[in-house]
Each structure stands twice: as structure tokens, then as C-alpha cells.
Amino acid sequence: MKKTNLLIIGSGPGGYRTASYAAQNGLEVTIIEKAQPGGTCLNAGCIPTKCLAHDAEMLLIAASHYNTTPPLDFTKVMERKEGVISQLRDGVSSLLNQPGINLIKGEARFVSDHIVEVNGEQIEAENIIIATGSRSKMPPFMSEEDFMNQSETTKNIVTSTELLSIPSIPQRLTIIGAGVIGMEFASAFSAFGSEVTVIEFMKKCLPPIDSDIAKRLRKTLEKRGVTFYMQSAVNQIISPSENGENCTTVLFEKKGKEEKVETDLVLIATGRQANVENIGLESAGIAFSQKGIMVNENMETNVKGVYAIGDVNGRQMLAHAATFQGFRAVNHILDKKDYIRLDIMPSAIFTYPEAACVGKTEDQCKTQNIKFTTRKGFYRANGKALSMEETEGMIKILVGEDGSILGAHAYGAHSADLIQEVSALMSRDAKLDEIRDIIHIHPTLSEILQDALI
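A. Summary view of the pattern of salt bridges. As enumerated under the stated definition, the model contains 20 salt bridges in all. Among the ionic pairs, R341 bridges to D343, the shortest N-O distance being 2.9 Å. By relative accessible area, R341 is classed as partly exposed at 26%. Classification of D343 by relative accessible area gives exposed; the value is 57%. Here K366 makes a salt bridge to E362, at a shortest N to O gap of 3.1 Å. Taken as a pair, K366 and E362 lie in helix α11 (residues 362-367) at a separation of 4 residues, close to a single helical turn. Through salt bridges with shared partners, a single network forms among D210, D212, R216, E362, K366, K376 and K396.

Encoded structure:
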């Protein structure tokens, strides 16, 4: 039986970055991957989606700034996306070939708490990190089996994975879910020329984002032609439609009234589900639920020396969260102090314009009876935004009674970069008076943040 210091199951952003960090710190690492290096994020998530978002943004900028719409070669769009994925995948593969790391292609399964079997061979590890990620979550009216059993000739219901590989732009696209995935695809495909409809069960889109920001972003997409049905529950998808044409009917209920939408393609964007099945967690005695594997603040499970990071623990389903949870796990193994603030986790939505957030929302502060004041800065008053012709946007900052930043939310050009600055300041517990005195380059969009805090 082979032995190793650290065994990692999964080579997504959590897995491969953690493997590299552990090897750099002297651990002998074995990492097991059943599919492609890079995980969902690189191969069918963050990276390919951002490629489409970029091409969509270029079209919209040309239309708004130069009053022209250049022809779209969707084949080239998809080829460029595949080129980016291939280049980054090669980079991850090289990273996993560095000294101290042994990459095994295969499907891992626990035999006992510290023994994993892959390709018929057993490996014993002092420490194990589970980084198996997540998959698209099916809505209540559709099972995974029903989704997988669609006829190939009439496969009109897709998840983000399949949508990222379609050969042509659908004339009509209906998206179920107005979270991050749904909103990003709504923004991109409406720019590509699809007639986009979004059906959302909740009252507002983008639950992690402040409701004020989320509403403004939705209104912007509506002006571009996206139709939203909020507080609407989908009951059934009929594919193909009963009218005999190769299209799909989505039946949903809004305020007690049944509605329907005829469409060419349906995107299921109702969230992600942790991959906890078929890896032998029961054999290892690891506590888990359908929401994910239970872990403590060091990402350690109830079994000593076994950790779970990223989407599989269900805490924060973000690529960068997985990476830094992995660093925390390795630091715990090495008994090494770190300054990682997992309670301050920025996130971004790459629509056009993009949106981003960190910390609490105004609604959360009110619900938790936290006293705060609101500061706002607007793109329309910023010199760089005016020169870029990007005047649509704002930043909203929530300040506590002691001057601490409770949260920040933004939409507009490069809003993720603005929120990243706030995140850094929050991580060091900077107070309002200190932040006010930080000099910002002129002219930059970051001055919007400065103006909001003056």
C-alpha cells in the first residue's frame, strides 16, 4: 500500500492551488482527479463564462459608444473560449507536475477514514483533503435522472455546462433562476441577440447582493430587452412542446395565475449541489448532508486529519473561497498561523455592467438590528467613468457605529476591483477615518470609493 503525507481528492481551484501550496511547504502530496485538471471553474464554469461575458461586453460597448453593432461570429467566440481553457489547463497540469506532487487520473473512494482507493490501488494518507466540488442543482419539478434521460434529438433543457458548449445562439432562451449563473448568462446571451426570459422564485435577483444594487442591475438588463418574471414558480417544462414544433414550453405560476413561455432552450440555473455521493464518506465515518460535508473553522471534518474545502462543504461556493479554505487546511496541518479572513469573502457577478459585494447587506443589518449609516458614490460623477463612457453604476458602503465597514456593494465598470479594495481594508479592520486618508490615483474609478467615504 502506498503512503503519502497529504492526499487531495479533486483538482479544481481548491485542489490544485492547495497541492502547490502544500508541496512548497514540504509536504509530499498525492492529488486524484477523475476528469480534467482545473475542475468546474476552469473547464465549465468561471473561466469559459467570463470569456463569453467579455465578448458580449465588446458588442455592447461598440453598440453604445460607436452606434454600430459588429457582426458576431459565434464559432470564433467558442473557439477563443476553448483556447483560453486549453492554455490554463496546460498551466494547471504543469503546476501539478512540480516536485512533491503526484497526480493520479482516476476516481477516488474512501475505504476507511485514512485509506482511499483509486484505480484498484489503495493509498494511505496522514491527512486527506476532499475537494470534489459541486454540480448543477436540479429544481423540484425535475430529477437528475429525468434531465440525463432527455432525448438527444430534442435536448432543449441544459445546465451551464451544456450551454457553454452549444454550437449556435438560441433565438429564445429562458433561464430558470436569477442568481449569479442566471444573471451572467442573461447578460451575455441578450448581447449575442437571444430573446432572454428569466423566471425567478424569489422577490429579487442576486440574493447575496444588496437589494438596492440588485434592483438597479435588473433594471439595466430590462432596458436591454431581458424579460423578468419575479416571484414566479416553475411547475413544468414540456419538451418538445405539444404543438409539434421542436421548441419547449415552460409553465409557471405567478401570483396564483398560470403563465407560460415558449422557448427554444431552457437553462436550469437554480444553484449548485455539493458532490458528496459515491466517494465513500460513509466508510470513512465523515459527517455530511445533501448541503455538504460538515467542517469546523479549520476545514476539518469530524474525522481528525480529514478536511473538506470549497463547494463540497457548502459554506461559500466560490473558487477563491475554495483556494483559501485549502490554505487554511494546510496551515492547520502544519500548525502554521495565518491571517486569512474567511468571514470576509468578496464575490462578483460578471454581467454588463458587472456587480460585486462583500460583507453584510442593508437588509441583513436591519434584520440583525445593527446600527449603520449608508455612504454612496456614483459613476456619473467620476472623471474616469465619464472618459470611459461608463457612467451607469454606483457603490454603496455600510458603516457601523464604530466606523468599521460592515459591507460594500457595487455595480458598474470594474466594480469587482473596487470591492476588492474594500475587502482588503475590511480584512485589516480599517476604520472610516483611516480609509478617508488613503490617497487614490487621479483619475481612476477607485475615486468613487473615496468620494463615498468623504
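B. Representation of the nonpolar core within the structure. Judged by nonpolar contacts, the single largest core of 52 residues is most densely connected at L6, F110, I130, I286 and I293. Apart from the residues lying within four places of it in its own chain, the contact partners of L6 are A22, L27, E28, V29, T30, N127, I128, I129, V330 and I333. If you look at the next biggest cluster of nonpolar residues, it comprises 43 residues, including L59, F74, I209 and A269.

C. Up close: the sheet that holds strand β23 (residues 394-400). An order of β20-β21-β24-β23-β22 is seen for the 5 strands of this open sheet, with the pairing classed as antiparallel. In this open sheet, the two edge strands, each paired with only one partner strand, are β20 (347-349) and β22 (372-378). Taken pair by pair, the neighbouring strands of this sheet meet at an average axis angle of 15°, ignoring direction. The sheet contact formed by β23 and strand β24 (residues 405-411) spans 6 bridges and is antiparallel. Counterpart to L398 in the pairing with β24 is G407. Contacts from helix α8 (residues 211-223) reach β21 (355-359), β22, β23 and β24, with the element oriented near 5° to β24.

D. How the structure looks around the packing of aromatic side chains. Going through the model one piece at a time under the given rule, you end up with 7 aromatic pairs. Summarising the aromatic geometry, the rings of Y21 and F327 are spaced 4.8 Å apart at their centres and angled 40° between planes, so their arrangement reads as tilted. With Y21 in helix α1 (residues 13-24) and F327 in helix α10 (residues 319-334), this pair connects stretches of sequence that are 306 residues apart. Here Y21 matches F327 in class, with each residue buried. Grouping aromatic residues by their ring pairs yields a cluster made of F74, F185, F189 and F192. Here the guanidinium or amino end of K155 rests over the ring plane of F147, the centre of that ring lying 5.8 Å away. In this structure, R380 packs its charged tip against the face of F378, placed 4.4 Å from the ring centre.

E. Region of the structure containing the pairing of strand β13 (residues 248-254). With respect to burial, β13 is a largely interior element, 5 of its 7 residues being buried. Relative to β13, strand β12 (residues 232-238) runs antiparallel, the two sharing 6 bridges. In the strand pairing of β13, A233 is matched with E253. Two elements, β13 and strand β14 (residues 257-263), share 7 bridges in a ladder whose sense is antiparallel. From the neighbouring strand, K254 faces β14, where its bridge partner is K257. Counted between consecutive antiparallel strands, the loop separating β13 from β14 contains 2 residues, among which K255 sits at a positive phi close to 50°.

F. Layout of the pairing of β23. When you tally the buried positions in β23, you get 7 out of 7 residues, the bulk of the element. Burial along β23 is two-sided: the residues M394, K396, L398 and G400 and I395, I397 and V399 are all buried. Relative to β23, β22 is paired through 7 bridges, and the arrangement is antiparallel. Within β23, the position partnered with G377 by the bridge is I395. Counting the residues between successive antiparallel strands, the hairpin from β23 to β24 contains 4 residues, one of them, G403, with a positive phi of roughly 90°.

G. Representation of helix α7 (residues 180-192) in the model. For α7, which comprises 13 residues, the first-to-last C-alpha distance of 18 Å matches the rise-based estimate of 18 Å (1.5 Å per residue) to within 8%. For α7, the buried fraction is high: 11 of the 13 residues fall into the buried class. The complete set of buried residues in α7 reads G182, M183, E184, F185, A186, S187, A188, F189, S190, A191 and F192. Positive backbone phi, at 115°, marks G193, one or two positions downstream of α7.

Calculation notes
Residues numbered from 1 in each chain as written. Predicted model: local features only at pLDDT ≥ 70, side-chain atom pairs only at ≥ 80, totals over all residues. Heavy atoms only, no water. Salt bridge = Lys/Arg side-chain N within 4 Å of Asp/Glu carboxyl O. Buried < 20%, exposed > 50% of the residue type's maximum accessible area, 1.4 Å probe, protein only. Helix = DSSP H or I, 4+ residues; strand = E, 2+ residues; numbered from the N terminus. Core = buried A, V, L, I, M, F, W, Y, C linked by side-chain atoms within 4.5 Å. Contact = heavy atoms within 4.5 Å. Pairing = 2+ DSSP bridges. Axes fitted to C-alpha atoms, helices over the stretch in contact; angles between N-to-C directions. Phe/Tyr/Trp six-rings, centres within 6.5 Å; stacked < 30°, edge-to-face > 60°. Lys NZ or Arg CZ within 6 Å of the ring centre and 35° of its normal. Expected span 1.5 Å × (residues − 1).

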